[in-house]
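Here's the letter readout for the chains.
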Amino acid sequence: MFKLATIAALVGSAAAFAPAPIGKATTALNAFEEELGVQPPLGFWDPLGLLTDADQEKFDRLRAVEIKHGRICQLGVIGYLTTYAGIRLPGAINTDGLQFSDIASGWEGSTQVPVAGALQILAFAGFLELVGWKQ
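If you're wondering where the values come from, they're calculated on a predicted model, not measured in any experiment.

Caption draft 1: Up close: the overall build of the protein chain. Per the secondary structure count, the protein chain includes 4 helices and 0 strands. Traced from its N-terminal end to its C-terminal end, the protein chain shows the element sequence α-α-α-α. Counting across all 135 residues of the protein chain, residues that qualify as buried make up 9%. Residue pairs in contact within the protein chain that sit at least 24 positions apart in sequence constitute 23% of those at least 6 positions apart. A total of about 11200 Å² of accessible surface is found on the protein chain, and carbon and sulfur atoms cover 67% of it.

Caption draft 2: Examining the pattern of salt bridges more closely. Following the criterion strictly, the structure yields 2 salt bridges and no others. Two residues, Arg63 and Glu35, come together in a salt bridge whose shortest N-O distance is 3.8 Å. One end of the pair, Arg63, is in helix H2 (residues 56–84); the other, Glu35, is in the loop between helix H1 (2–16) and H2, with 28 residues separating them in the sequence. Classification of Arg63 by relative accessible area gives partly exposed; the value is 27%.

Caption draft 3: A look at H2. Over its 29 residues, H2 runs 42 Å from end to end, which matches the ideal 42 Å to within 8%, given 1.5 Å per residue. Gly86 lies just past H2 and shows a positive phi near 95 degrees.

Caption draft 4: Geometry of the packing of aromatic side chains. Evaluated as defined, the whole model comprises 4 aromatic pairs. For the pair Phe32 and Phe59, a centre-to-centre distance of 4.6 Å together with 10 degrees between the ring planes defines the contact as stacked. Here Phe32 is found in the loop between H1 and H2, whereas its partner Phe59 is found in helix H2, with 27 residues between them in sequence. For the pair shown, Phe32 and Phe59 are each scored as buried. Ring geometry for Phe44 and Phe59: centres 6.1 Å apart, planes at 50 degrees, overall tilted.

Reading guide: rules and limits
- Numbering of residues begins from 1 in every chain and follows the order in which that chain's sequence is written.
- Side-chain atom pairs in this predicted model are given and counted only at pLDDT of 80 or more, local residue features only at pLDDT of at least 70, and totals for whole chains, interfaces and linings cover all residues.
- Excluding hydrogens and water, the side-chain values take into account all heavy atoms of the structure.
- The helix and strand labels rest on DSSP assignments: H or I over at least four residues marks a helix, E over at least two residues marks a strand, and numbering proceeds from the N terminus.
- Buried, partly exposed and exposed residues are distinguished by accessible area as a fraction of the type maximum, computed with a 1.4 Å probe on protein chains only: under 20%, between the cut-offs, and over 50%, respectively.
- We call two residues contacting when some pair of their heavy atoms lies within 4.5 Å.
- Only the protein chains shown count as cover for residues, with accessible areas throughout obtained via the Shrake-Rupley method and a probe of 1.4 Å.
- The rule for a salt bridge is simple: a side-chain nitrogen of Lys or Arg has to be within 4 Å of a carboxyl oxygen of Asp or Glu.
- A helix's residues, less one, multiplied by 1.5 Å, set its expected span.
- Pairing of aromatic rings covers Phe, Tyr and Trp, the last through its six-membered ring, and needs centres within 6.5 Å; plane angles under 30 degrees mean stacked, over 60 mean edge-to-face, and all others mean tilted.

In short, shape yes, function no, at least from these values alone.
Right, dumping it as structure tokens:
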């Protein structure tokens, strides 16, 4: 009887460490579980719920926007590192004689750019957002 109780206790304790069966969760986002970039352990991760009740077209648009913004950030980092290394365009940035080499690196440099130049950058970025960089 003692042997039977010992075996039953061992089997019971071993069952506590066995993996529990996991059922397949069904959510509205299962439509995107097979998309590129979905990886365990998170699976499809949408913490803000932007794709709740979304179709494939909205998913594709948001993915393209995310890729575009990532590329813009990469260009910004390259620009920061380039100016921090001391590499500047030759010549003047405006007709008043302000040289590119006179503008500081980083955030301080962005405040030293003349207003007309900053507006040109903003207009060019808006142009690219509306017309260019279509995927």
